[in-house]
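The chain contents come next:
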Amino acid sequence: QVQLVESGGGEVQAGGSLRLSCRTTASTSDIYTLGWLRQPPGKEQEFVAAIIWSGGRTYYADSVEGRFTISRDSGRKTIYLQMNNLKSEDTAVYSCVGARKAIPVFVKSAYEWWGRGAQVTVSP
């Protein structure tokens, strides 16, 4: 069973930076995409960013474009989410997600692998 293990969450002041990591146990030949969803308190889960494993094409939600960067390290089977200029509205549980087959990356129900989540709190 494929596992996704997140790390790097925490608390930071507005304007600060954090980096999330997600390591997968999947074989690299089995990965189509890995990415991040988040669920702010009292709100629905939403798409944040995704990367296509082969080729490295990236996708971002409009709300994080220009502030967040998703990247991958194929050798470590790990993706990263570098979050800069954090705002209070970025406070959420961030979950690493992935899929083996081609999916519409903006559709959260399309993902087949899910991590347990990492809390990110941005204080004013």
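Here the structure is shown first, and the text comes after it.
Residues numbered from 1 in each chain as written. Predicted model: local features only at pLDDT ≥ 70, side-chain atom pairs only at ≥ 80, totals over all residues. Heavy atoms only, no water.

Asks: Go over the sheet that holds strand β8 (residues 78-83), please, and point to the residues and values.
Replies: Read across the sheet, four strands follow the order β1-β3-β8-β7 without closing on themselves; strand pairing throughout is antiparallel. At either margin of the open sheet sits one strand with a lone partner, and together these are β1 (4-7) and β7 (68-73). Direction aside, the axes of adjacent strands within the sheet are offset by 20 degrees on average. Across six bridges, the pairing between β7 and β8 is antiparallel. Opposite threonine 69, over in β8, you have glutamine 82 as the bridge partner. (Pairing = 2+ DSSP bridges. Helix = DSSP H or I, 4+ residues; strand = E, 2+ residues; numbered from the N terminus. Axes fitted to C-alpha atoms, helices over the stretch in contact; angles between N-to-C directions.)

Asks: Requested: an account of the state of the cysteines, with residues and values cited.
Replies: With the rule as written, the count across this model stands at one disulfide. Covalent S-S linkage joins cysteine 22 and cysteine 96, the inter-sulfur distance amounting to 2.0 Å. Across the disulfide from cysteine 22 to cysteine 96, rotation about the S-S bond amounts to roughly -80 degrees, and the bridge is consequently left-handed. Of the two residues, cysteine 22 sits in strand β3 (residues 18-24) while cysteine 96 sits in strand β9 (residues 92-99), which places them 74 residues apart along the sequence. This pair shows no difference in class: cysteine 22 is buried, exactly as cysteine 96 is. (Disulfide = S-S within 2.5 Å. Buried < 20%, exposed > 50% of the residue type's maximum accessible area, 1.4 Å probe, protein only.)

Asks: Describe the environment of leucine 4, naming the residues involved and giving the relevant values.
Replies: Inspection of the secondary structure assignment puts leucine 4 in strand β1. We classify leucine 4 as buried; its relative accessible area is 6%. Spatially, the C-alpha atoms of leucine 4 and tryptophan 113 are 7.2 Å apart, while their sequence positions differ by 109 residues. Beyond its immediate sequence surroundings of up to four residues, leucine 4 is in contact with Cys22, Arg23, Thr24, Leu34, Cys96, Val97, Gly98, Trp113, Trp114, Gly115 and Arg116. (Contact = heavy atoms within 4.5 Å.)

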